[in-house]
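Coordinate analysis (summary)
One letter stands for each residue in the lines below.
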Amino acid sequence: AAGRVTLYQNYRTMLAKDLKRHIPLDTVLRFHVWEQERCASIADHIRRISRSRGDDGSLDFPAASTLAVLIDVGDMSITRHATRDFMAIIKEVARLDQDHFCERMGVCFILNAPGAFGLVWRIVRPWLAHETIRRIHVLHAKDDWRKVVSSKCGREILRNLDEGVDLDDAA
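Residues numbered from 1 in each chain as written. Predicted model: local features only at pLDDT ≥ 70, side-chain atom pairs only at ≥ 80, totals over all residues. Heavy atoms only, no water.

Residues Ile78, Leu119 and Ile123 make up a contiguous nonpolar surface patch of about 210 Å² in total accessible area. Structurally, Ile123 is set in helix H6 (residues 117-124). Residue classification places Ile123 among the partly exposed residues on the basis of a relative accessible area of 36%. (Patch = residues over 30% accessible without salt bridge, like charges linked within 9 Å, V, L, I, M, F, W, Y side chains within 5 Å. Areas by Shrake-Rupley, 256 points an atom, 1.4 Å probe, with all protein chains shown as cover. Salt bridge = Lys/Arg side-chain N within 4 Å of Asp/Glu carboxyl O. Helix = DSSP H or I, 4+ residues; strand = E, 2+ residues; numbered from the N terminus. Buried < 20%, exposed > 50% of the residue type's maximum accessible area, 1.4 Å probe, protein only.)

Structure representation (structure tokens):
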């Protein structure tokens, strides 16, 4: 997926009850929309540059206009994460993404999914369209997800994650 914008979201430490004490849910959701629009704008810009340079066909244009989303849910637990507040945020993010960005997600990887994630997935899955579910890959073992993600997104993204590089700065 050369040329595809990749968005990494770390949900490992996201505790919705703590978050809502500092930031209103509406602000969190507005940030999510801004982040999605920003990524879409970058993807469109990459596509325009490639076309203006007379791309030789090596850039997959449909993939270049969609995002690869990596959501790291390692260390999630039912008691800390699968709360009413967390599920409310996830439900609203899913609704926003389906209503406004459904064609932008080319592929989504749920990384480091612990056993507890199965319960969350069973709750979230009915909120999603079949086409969206088809693009989501839940990956459990570190070695497995690294192989799958590098085959779809390239090895560079793994180096950036391993080195703790801010992916905004690495682009």
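Following the structure, the description resumes.
Another point: the side chain of Thr132. Along the chain, Thr132 turns up in helix H7 (residues 130-134). Dropping the residues within four chain positions of it, Thr132 is found in contact with Gln98 and Met105. (Contact = heavy atoms within 4.5 Å.)

This part takes up the pattern of salt bridges. Two side chains that carry opposite charge are able to pair once their charged atoms sit near each other. The full count for this structure, using the stated rule, is eight salt bridges. Across the pair Glu92 and Arg95 runs a salt bridge, and its minimum N-O distance is 2.5 Å. One end of the pair is Glu92 and the other is Arg95, both in helix H5 (residues 84-100) and three residues apart, which spans about a single turn. Residue classification places Glu92 among the partly exposed residues on the basis of a relative accessible area of 23%. Between Arg95 and Asp99 there is a salt bridge whose closest N-O contact spans 2.9 Å. Of the two residues, Arg95 and Asp99 both sit in helix H5, four residues apart, roughly one turn of that helix. Beyond isolated ion pairs, a larger network of salt bridges with shared partners links Glu92, Arg95 and Asp99.

What follows covers the nonpolar core. One finds Val73, Phe86, Ile110 and Phe117 to be the most contacted residues of the largest nonpolar core, which totals 31 residues. The set of elements that each furnish at least two residues to this core consists of strand E1 (5-10), helix H2 (25-52), strand E2 (67-72), H5, strand E3 (105-111) and H6. Sorting elements by how many residues they give to this core places H5 first, with seven residues. With near-sequence residues (within four places) excluded, Ile110 lies in contact with Ile71, Val73, Phe117, Ile136, His137, Val138 and Leu139. In terms of nonpolar packing, the next biggest core, distinct from the first, is built from 11 residues, Leu111, Leu139, Val149 and Cys153 among them. (Core = buried A, V, L, I, M, F, W, Y, C linked by side-chain atoms within 4.5 Å.)

Attention shifts here to the sheet that holds E3. If you walk across this open sheet you meet the four strands as E1-E2-E3-E4, and the pairing is parallel. Edge positions in the sheet fall to E1 and strand E4 (136-138), since each of these pairs with one other strand and no more. With direction set aside, neighbouring strand axes in the sheet form an average angle of 15 degrees. The pairing of E3 with E4 spans three bridges and is classified as parallel. Note that in E4 the partner of Phe109 across the bridge is His137. Packed onto the sheet, H2 meets E1 and E2 and runs at close to 160 degrees relative to E1. (Pairing = 2+ DSSP bridges. Axes fitted to C-alpha atoms, helices over the stretch in contact; angles between N-to-C directions.)

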